[in-house]
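A structural walkthrough
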Amino acid sequence: MCDWTEASRIRSNLIVLMSKHRSPAAAPLSQLKMYSFMGGGLFCAIVGNILLVVSTATDYWMQYRLSGNYAHQGLWRYCMSNKCYMQTDSIAYWNATRAFMILSGMSCFAGIIAGIMSFSHFSSFERFNRSFAAGIMFFISTFFVLLAMAIYTGVTVNFLGKRFGDWRFSWSYILGWVAMLMTFFAGIFYICAYRMCECRRGTGPR
C-alpha cells in the first residue's frame, strides 16, 4: 500500500514538473501561432481601414435615375449629368451615417496602432495587453460601421427607394459592408492572439 502511494506521489510530481518545464520547441510554436493571428488581424484591419476611407469619401452609395438622367450620390456629394454638387442639406440620417463612419475609421486606426505595438514589448506597459486593446478597438469599429450601414440602409429603403423608382445600392455602399467584415475578423484574430498569450502565461514556469 505504501509503495502504491509513493508511486502515485512521484507520478504527480513528475506531471507538475513537466507542466512547468515545457518542451523548448513548444513555446516557439505557440508564439508563432500567436504572431500568425496577430499578423492576420493586422492585415484585415489595414484593408478594412482603407475600405472605410474609400467608402466614406466616394460618391457611389446609391445610383438612380432622375428625370431620365443617370445620377449617383454619396455621403458628401451627389452627381448628375457628369457634374457633382455638395450635399448642403443638413439631414439627420446623412449626418449620423457620416459621424459613425468617421468614428469607425478612427477606432480602426487606433486598433492598428495598438496592434502594431503588440508585436513589441515595453516593460512600462507590461500590465496593459495591447492585443486585447486592439481587438476591442476593432470590435468598436465594427459596431460603428454597423450602425452607419443600418441607418443608411433603413432610410434609403423606406424613403429614398420610394422617391426614386429605378434605383440601387452601388459599390461605395458595398465597400462599407466589406469593411465591417474585415474589422470584425481583425477583432476575432486579435482576441484569439490575446487568449493564446494568456494561456502561455498560465502554463509558463512560476
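Described in the following lines is the structure provided in the data block.

1. So, the state of the cysteines
By the definition in use, this model includes one disulfide. Covalent S-S linkage joins Cys 79 and Cys 84, the inter-sulfur distance amounting to 2.0 Å. Negative torsions about the S-S bond denote left-handed disulfides, and the value of about 100° found for Cys 79 with Cys 84 makes this one right-handed. With relative accessibility at 3%, the residue Cys 79 sits in the buried group.

2. With respect to the pattern of salt bridges
With the rule as written, the count across this model stands at one salt bridge. Between Arg 77 and Asp 59 there is a salt bridge whose closest N-O contact spans 2.5 Å. In this pair, Arg 77 sits in strand β3 (residues 77-80) while Asp 59 sits in the loop between α2 (26-57) and β1 (62-66), placing the two residues 18 residues apart along the sequence. The class for Arg 77 is partly exposed, based on a relative accessible area of 33%.

3. Section: the sheet that holds strand β2 (residues 69-73)
Read from one edge to the other, the open sheet built from five strands follows the order β4-β3-β2-β1-β5, with strand pairing classed as antiparallel. Bordering the open sheet on either side are β4 (83-86) and β5 (167-169), each of which pairs with just one other strand. In this sheet, neighbouring strand axes are inclined to one another by 20° on average, regardless of whether the strands run parallel or antiparallel. Across three bridges, β2 lies against β3 in antiparallel orientation. In the strand pairing of β3, Ala 71 is matched with Met 80.

4. Describing a nonpolar patch on the surface
Judged by side-chain polarity, Trp 76, Met 86, Ile 102, Leu 103 and Met 106 come together as a nonpolar surface patch covering roughly 470 Å² of accessible area. It is helix α3 (residues 92-117) that provides the largest number of residues to the nonpolar patch, a total of three residues. Here Trp 76 lies in the loop between β2 and β3. Residue classification places Trp 76 among the partly exposed residues on the basis of a relative accessible area of 30%.

5. Quick word on the nonpolar core
One finds Trp 61, Met 101, Phe 138 and Tyr 152 to be the most contacted residues of the largest nonpolar core, which totals 32 residues. Contributing elements (two or more residues each) for this core: α2, β1, α3, α4 (130-163) and α5 (171-203). Apart from residues lying up to four places away in sequence, Tyr 152 is in contact with Trp 61, Met 62, Gln 73, Leu 75, Tyr 93, Trp 94, Thr 97, Phe 169 and Tyr 173.

6. Some thoughts on the environment of Cys 79
Tracing the backbone shows Cys 79 in strand β3. Sequence separation between Cys 79 and Tyr 60 is 19 residues, and the spatial gap between their C-alpha atoms is 9.2 Å. Excluding anything up to four places from it in sequence, Cys 79 contacts Asp 59, Tyr 70, Ala 71, His 72 and Cys 84.

7. Overview of the packing of aromatic side chains
Applying the stated criterion across every chain yields a total of 18 aromatic pairs. Centroid distance Phe 100 to Phe 144: 6.1 Å. Interplanar angle 20°. Geometry classified as stacked. Here the residue Phe 100 occupies a position in helix α3, and Phe 144 occupies one in helix α4, the gap between them amounting to 44 residues. Residue classification places Phe 144 among the buried positions, given a relative accessible area of 18%.

8. Details of the pairing of β4
With four bridges joining them, β3 and β4 adopt antiparallel strand pairing. Counted as the bridge partner of Tyr 78 is Tyr 85 from β4. Linking two consecutive strands that pair antiparallel, namely β3 and β4, is a turn of two residues; a positive phi of about 50° is found at Ser 81 within it.

9. Considerations on the pairing of β1
Each regular strand carries side chains that alternate between the two faces of the sheet. As paired elements, β1 and β2 share five bridges and run antiparallel to each other. Bridging across to β2, Met 62 finds its partner in Gln 73. Here β1 hands over to β2 after two residues, with Ser 67 in that stretch at a positive phi of 55°. Looking at chain direction, β1 and β5 are connected through three bridges and run antiparallel. When the sheet's bridge partners are listed, Gln 63 is paired in β5 with Arg 168.

Thresholds, definitions, all that
Residues numbered from 1 in each chain as written. Predicted model: local features only at pLDDT ≥ 70, side-chain atom pairs only at ≥ 80, totals over all residues. Heavy atoms only, no water. Disulfide = S-S within 2.5 Å. Buried < 20%, exposed > 50% of the residue type's maximum accessible area, 1.4 Å probe, protein only. Salt bridge = Lys/Arg side-chain N within 4 Å of Asp/Glu carboxyl O. Helix = DSSP H or I, 4+ residues; strand = E, 2+ residues; numbered from the N terminus. Pairing = 2+ DSSP bridges. Axes fitted to C-alpha atoms, helices over the stretch in contact; angles between N-to-C directions. Patch = residues over 30% accessible without salt bridge, like charges linked within 9 Å, V, L, I, M, F, W, Y side chains within 5 Å. Areas by Shrake-Rupley, 256 points an atom, 1.4 Å probe, with all protein chains shown as cover. Core = buried A, V, L, I, M, F, W, Y, C linked by side-chain atoms within 4.5 Å. Contact = heavy atoms within 4.5 Å. Phe/Tyr/Trp six-rings, centres within 6.5 Å; stacked < 30°, edge-to-face > 60°.

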